[in-house]
Amino acid sequence: MRHLVATRDLAKLYECKNGTKDINKAVKRNIAEEFYFKLNEKDIEDLWFQIGTKKINVETRGGRFKNPHVFTEQGVAMLSSVLHTKKAIKTSIQIINAFVAMRHYIGDSLNRIANIEIKVLEHDNDIKLLQECFDNFKGENNHIYFKGEIYDAYSLLLDILNKAKKEIIII
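Residues numbered from 1 in each chain as written. Predicted model: local features only at pLDDT ≥ 70, side-chain atom pairs only at ≥ 80, totals over all residues. Heavy atoms only, no water.

> How should I be thinking about the overall build of the chain in this particular structure?
A count of helices and strands for the chain gives seven helices and three strands. From first element to last, N terminus to C terminus, the chain shows the α and β order β-α-α-β-α-α-β-α-α-α. Across the 171 residues that make up the chain, the buried fraction comes to 20%. If you take every contact in the chain between residues at least 6 apart in sequence, the share linking residues at least 24 apart comes to 65%. For the chain, the accessible area works out to roughly 14400 Å², and carbon and sulfur atoms hold 58% of it. (Helix = DSSP H or I, 4+ residues; strand = E, 2+ residues; numbered from the N terminus. Buried < 20%, exposed > 50% of the residue type's maximum accessible area, 1.4 Å probe, protein only. Contact = heavy atoms within 4.5 Å. Areas by Shrake-Rupley, 256 points an atom, 1.4 Å probe, with all protein chains shown as cover.)

Shown next, in the form of structure tokens:
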């Protein structure tokens, strides 16, 4: 869905002295047609329906009703960079600052994601190593001793300690 802004509204927003004339001049010199266009009859009907009002009757309004020109979001940004009002210049600076901040945020996020991926791979390798170690200790090395079987427990412990070559893991 596109968000569109009418020329008349932008003239107010950017505080153009000559209203839409300033916008139209700037458009003819600088703005690409893909960011600025005139609404057709179907677009206007859709707008009247969305707003919930009746279409203006041209005879009762007086004068000729012209379909308005509108700008896309990119056109609004582009227009702010070519108009020479204080408000347009301020808006253009804010847009540039927002893009720079967004670029830094995305760059930082990508670095954090890369670090997380490295940690996940390291942890995955550690988990696989632990799993292999646990798999080696299944069966014959698992023992349960009950109350009164202390000698048997000490005897097994000594056997395990004597068999160890490198390390012992007791759980």
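> Would you mind showing me how to read the pattern of salt bridges here?
Pairing is possible between side chains of opposite charge, provided their charged atoms come close. This model, assessed by the stated rule, comprises two salt bridges. Residue Asp9 pairs with Arg8 through a salt bridge whose shortest N-O separation is 4.0 Å. Given the relative accessible area of 36%, Asp9 is considered partly exposed. Across the pair Lys128 and Asp124 runs a salt bridge whose closest N-O atoms are separated by 3.5 Å. Separated by four residues within a single helix, Lys128 and Asp124 lie in helix 6 (residues 86-136), roughly one turn from each other. (Salt bridge = Lys/Arg side-chain N within 4 Å of Asp/Glu carboxyl O.)

> Looking at this model, I keep getting lost on the confidence of the model for the chain. Mind explaining?
Low pLDDT means the predicted atomic positions in that stretch should not be read closely. Confidence along the chain averages 80 in pLDDT terms, with 82% of residues attaining 70 or more. Here helix 4 (residues 58-61) stands out as the element of the chain with the lowest mean pLDDT, 48, in contrast to helix 6, whose mean of 89 is the highest. (pLDDT = per-residue confidence, 0-100.)

> It is not clear to me how the packing of aromatic side chains should be interpreted in this structure. Could you clarify?
Each aromatic ring pair is characterised by the separation of its centres together with the angle its planes make. For the coordinates displayed, the defined rule picks out one aromatic pair. Taken together, a centroid distance of 4.7 Å and an interplanar angle of 50° make the contact between Tyr36 and Phe71 tilted. With Tyr36 in strand 2 (residues 36-38) and Phe71 in strand 3 (residues 69-71), the pair connects residues that are 35 residues apart, well separated along the chain. For the pair Tyr36 and Phe71, a shared accessibility class is recorded, and that class is buried. (Phe/Tyr/Trp six-rings, centres within 6.5 Å; stacked < 30°, edge-to-face > 60°.)

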